[in-house]
Amino acid sequence: MELENGKYRARGVQGALGLTSGGKEQVAVEFQLLGERGDEHYVGQSITWFGFFTDNTLEHTIKGLRACGWQGDDVSDLVGINTNEVILVIENEEYEGQWRPRVRWVNAPGGGLALKQQMEPAQARSFAQQMRGRILALEQGTGQRRPTQPQPGRNAQQHRSAPPQRSAPPQGRGAYGDYSRGGAYQEDVPPPGDDDLPF
């Protein structure tokens, strides 16, 4: 199945508990892709999400199951996972020389920012660096110059009305939060590491 990286509407079909090749407990949920218009090439196709139960992944897994509609506290009874429509965050990854789509997050509709494709942290930092010079040039061109600090020996009284100087944001931060910490994805939790892959 060929899928671009992005967010996809889907609904759970079935789920079950299992073990990875390394003996770690996992839950697998099969999703059917719904599409936006209903005529996309992938509509009706299935993709499986694997959730894990380690200390680092338990919260992520339970949030994903809850988003699907699962209730209760007995993970051996997954009744309800086909109740709700969800948003799958799908990214392609390489495994043994082949690329394939993988479900990275399972979110309730409306979770996170409504972006078709969010910048990766490195992209956000690079873009912010490019924009910094343009923003300064724009402000200087419109007369909105940054205030200067009082010079030694001058009367500080004449600078009291000047607004405080703003410093540029530190690396790794953007206008909307700390991209390096996934600040724009309030609902998203980092996926499990490679050791948790179900192969």
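Residues numbered from 1 in each chain as written. Predicted model: local features only at pLDDT ≥ 70, side-chain atom pairs only at ≥ 80, totals over all residues. Heavy atoms only, no water.

Some details on the environment of Gln71
Counted only if it meets this: Secondary structure is summarised from DSSP: a helix means a run of H or I of at least four residues, a strand means a run of E of at least two, and numbering begins at the N terminus for each. We call a residue buried when its accessible area falls under 20% of the maximum for its residue type, exposed when it is over 50%, and partly exposed in between, using a 1.4 Å probe and counting protein chains only. The contact criterion used is simple: two residues touch if any of their non-hydrogen atoms lie within 4.5 Å.
Within the secondary structure, Gln71 sits in the loop between α1 (58-68) and β4 (85-95). Accessibility expressed as a relative area gives 65% for Gln71, which makes it exposed. Sequence separation between Gln71 and Ile81 is ten residues, and the spatial gap between their C-alpha atoms is 8.4 Å. When sequence neighbours within four positions are dropped, the list of residues in contact with Gln71 reads Arg66 and Val79.

Focus: the pattern of salt bridges
Basically, it comes down to this: A side-chain nitrogen of Lys or Arg and a carboxyl oxygen of Asp or Glu constitute a salt bridge if their distance falls within 4 Å.
Scanning the entire structure with this criterion turns up seven salt bridges. For the salt bridge of Arg37 with Glu40, the shortest nitrogen-to-oxygen distance reads 3.8 Å. Owing to a relative accessible area of 63%, Arg37 belongs among the exposed residues under this scheme. With a shortest N-O distance of 3.4 Å, Arg102 and Glu93 are connected by a salt bridge. You'll find Arg102 and Glu93 in the same group, each marked buried. Taken together, the shared-partner salt bridges in this structure form one network comprising Arg37, Asp39 and Glu40.

Here's the deal with the nonpolar core
Applied cut-off: For the purposes of this section, nonpolar cores are sets of buried Ala, Val, Leu, Ile, Met, Phe, Trp, Tyr and Cys residues that join through side-chain atoms within 4.5 Å.
Counting 21 residues, the largest nonpolar core has Phe31, Leu33, Ile47, Val86, Leu88, Ile90 and Val106 as its most contacted members. Where this core is concerned, the elements lending two or more residues are β1 (6-19), β2 (25-33), β3 (46-52), α1, β4 and β5 (98-107). Broken down by element, this core gets its largest block of residues, four residues, from β2. Beyond its immediate sequence surroundings of up to four residues, Leu33 is in contact with Met1, Leu3, Tyr8, Arg9, Ala10, Tyr42, Val43, Gly44, Gln45, Ile47, Leu88 and Ile90.

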